[in-house]
Every structure is written in structure tokens, then in C-alpha cells.
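Listed below, chain by chain, are the residues.
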Amino acid sequence: MKYTVEDFFNGIRDGEVAKLTEILAEKPQLLSSKDQRGSTPLILATYYNHEEVTNLLLMKGAKIDEKDASGNTALMGVCFKGFTSVAEKLIAQGANVNESNAMGATSLIYAATFNREEIAKMLLAQGADKHAKDARGHTALDHAKMQEFQALIALLEES
């Protein structure tokens, strides 16, 4: 069968593991491709919370810290979206918890900004730098305070 890049990315969006397995057997180079918006296959799979697709892509050798057009990694995206189990998987597989994007935001800053306490706990346990500042000079604690997320404020102040 002849698959296109579009078939591959649609398969990721739709969570079609069997189809993606076939496509990657035929065209393994697609693992390092990017879609029209600059997303990697892994970033897209995690963005849609497709755990099985995420597992497949990691098993096939997807680069865990590869960035999209804005400099975001898969881990940053799940911290923003709040997908705890995918975040746990990425962290367990060695995702860099201190990677920053074009605006200086880190996964911990996203977790704090979007009230993702469980993810913040995982990130801190893996050595996330709570003193890292984004391009505006704000830390994760600053973002938690701006949003008045009391549990995150307490977590970031105590750790």
C-alpha cells in the first residue's frame, strides 16, 4: 500500500495504531517528519492524548524532546493539556523536564499556569527547576500566584 504523509498524520490524529504500524513499516522516515504546523508525530499523538500511539512512536524511536515550530516539546504540551498519564510516560522515558520553548516556558511553568498539580509534583520529583523564568521573567510560582492556584503555590513554595 502507498501511504502519504497526510495519511500518517491523520492516523495519528485519529489514534489508528494498526494503520500507523503499517505506515511506519513502509515509510519509517515519517517518524522524523513534521506536519504543516510544525508538529512532530510524537507531539501530535500526545496532544490528542493517544497513549497507544505515543507508545508506538516511542518504541519506533521518536525523539522525545524534539520541538515543534514554537519550540514546544511533547511534555510541554501534555502539561498544558493536563494529560497526567501521558506526562508520566514521557517523564519515565526520559523527557527533559527543564527544556524551554521560544518564550522561555518550561513544562513546570505550563503545569503551574494551567493548574496541573499532579503533573507539577511529577516534574518536581524529577528535578524540574522551579526557579526557571520565562521570557517575561516569571517563574512557575509567579504564574501560580497570578492565577491564585493555592495548592500549586503551596507546592512550589515548599519544594
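Residues numbered from 1 in each chain as written. Predicted model: local features only at pLDDT ≥ 70, side-chain atom pairs only at ≥ 80, totals over all residues. Heavy atoms only, no water.

Asker: Please set out the overall build of the chain residue by residue, giving values where relevant.
Answerer: Scanning the chain from N- to C-terminus turns up 10 helices and zero strands. Each helix and strand of the chain, ordered N terminal to C terminal, gives the series α-α-α-α-α-α-α-α-α-α. For the chain, whose C-alpha radius of gyration is 16 Å, the value lies close to the compact-globule estimate of 15 Å for 159 residues. Dimensions along the principal axes, computed over C-alpha positions, put the chain at roughly 55 × 25 × 20 Å. A burial count over the chain gives 47% of its 159 residues as buried. Working note: accessible area of the chain is about 8,000 Å², and carbon and sulfur atoms make up 47% of it. Between the mean site of the 17 positive side-chain charges and the mean site of the 22 negative ones, the chain shows a separation of 4 Å. (Helix = DSSP H or I, 4+ residues; strand = E, 2+ residues; numbered from the N terminus. Rg over C-alpha atoms; globule rule 2.2 N^0.38 Å. Buried < 20%, exposed > 50% of the residue type's maximum accessible area, 1.4 Å probe, protein only. Areas by Shrake-Rupley, 256 points an atom, 1.4 Å probe, with all protein chains shown as cover. Lys, Arg positive; Asp, Glu negative; His and termini not counted. Charge placed at Lys NZ, Arg CZ, Asp CG, Glu CD.)

Asker: I'd love a proper account of the side chain of Thr46, names of residues and values included.
Answerer: Take Thr46: it is sitting in helix α3 (residues 41-47). With sequence-adjacent residues up to four places away left out, Thr46 is seen in contact with Thr54, Ala74, Val78, Phe83, Val86 and Leu90. (Contact = heavy atoms within 4.5 Å.)

Asker: Can you lay out the pattern of salt bridges for me, pointing to particular residues and giving the numbers?
Answerer: The full count for this structure, using the stated rule, is seven salt bridges. For Lys145, the salt bridge goes to Glu157, with nearest N and O atoms at 3.8 Å. With Lys145 in helix α9 (residues 140-147) and Glu157 in helix α10 (residues 150-158), this pair connects stretches of sequence that are 12 residues apart. Among the charged side chains, a salt-bridge network with shared partners connects Glu117, Glu118 and Lys121. (Salt bridge = Lys/Arg side-chain N within 4 Å of Asp/Glu carboxyl O.)

Asker: Before we move on, can you summarise the packing of aromatic side chains with the specific residues and values?
Answerer: Aromatic ring pairs are described here by two measures, namely the spacing of the ring centres and the angle between the planes. In the structure shown here, the tally under the stated rule is five aromatic pairs. Measuring from ring centre to ring centre gives 5.3 Å for Phe8 and Phe9, while their planes differ by 70°; the resulting arrangement is edge-to-face. For the residue pair Phe8 and Phe9, the accessibility class agrees, reading buried in each case. An aromatic cluster is defined as three or more aromatic residues linked by ring pairs; in this entry it consists of Phe80, Tyr110 and Phe114. The cationic tip of Lys81 hangs over the ring face of Tyr47; the distance from NZ or CZ to the ring centre is 4.1 Å. (Phe/Tyr/Trp six-rings, centres within 6.5 Å; stacked < 30°, edge-to-face > 60°. Lys NZ or Arg CZ within 6 Å of the ring centre and 35° of its normal.)

Asker: So what's going on with the environment of Met146? Which residues, and what values?
Answerer: Structurally, Met146 is set in helix α9. Residues Met146 and Gly11, 135 residues apart in the sequence, show an inter-C-alpha distance of 39 Å.

Asker: Outline the layout of surface pockets, supporting the account with residue identities and numerical values.
Answerer: In this structure, the largest pocket occupies an estimated 420 Å³ of space. Contributing to the lining of the largest pocket are 17 residues, with Arg37, Ser39, Ile43, Tyr47 and Asp68 lying nearest its centre. Within the residue set of the lining of the largest pocket, elements represented by two or more residues are α3 and α5 (74-81). Among the residues forming the lining of the largest pocket, the class breakdown is eight nonpolar, five polar and four charged. The computed volume of the second largest pocket comes to approximately 150 Å³. Forming the walls of the second largest pocket are Asn101, Met103, Ala105, Ile109, Tyr110, Thr113, Phe114, Asp134, Ala135, Arg136 and His143. Residues that form the lining of the second largest pocket fall into these classes: six nonpolar, three polar and two charged. (1 Å grid on protein atoms, 1.4 Å probe; cavity = no way out; pocket = protein on both sides within 12 Å on 5 of 7 lines; lining within 4 Å. Points joined across faces, edges and corners; volume = space filled by probe spheres on them. Nonpolar A, V, L, I, M, F, W, Y, C, P; charged D, E, K, R; others polar.)

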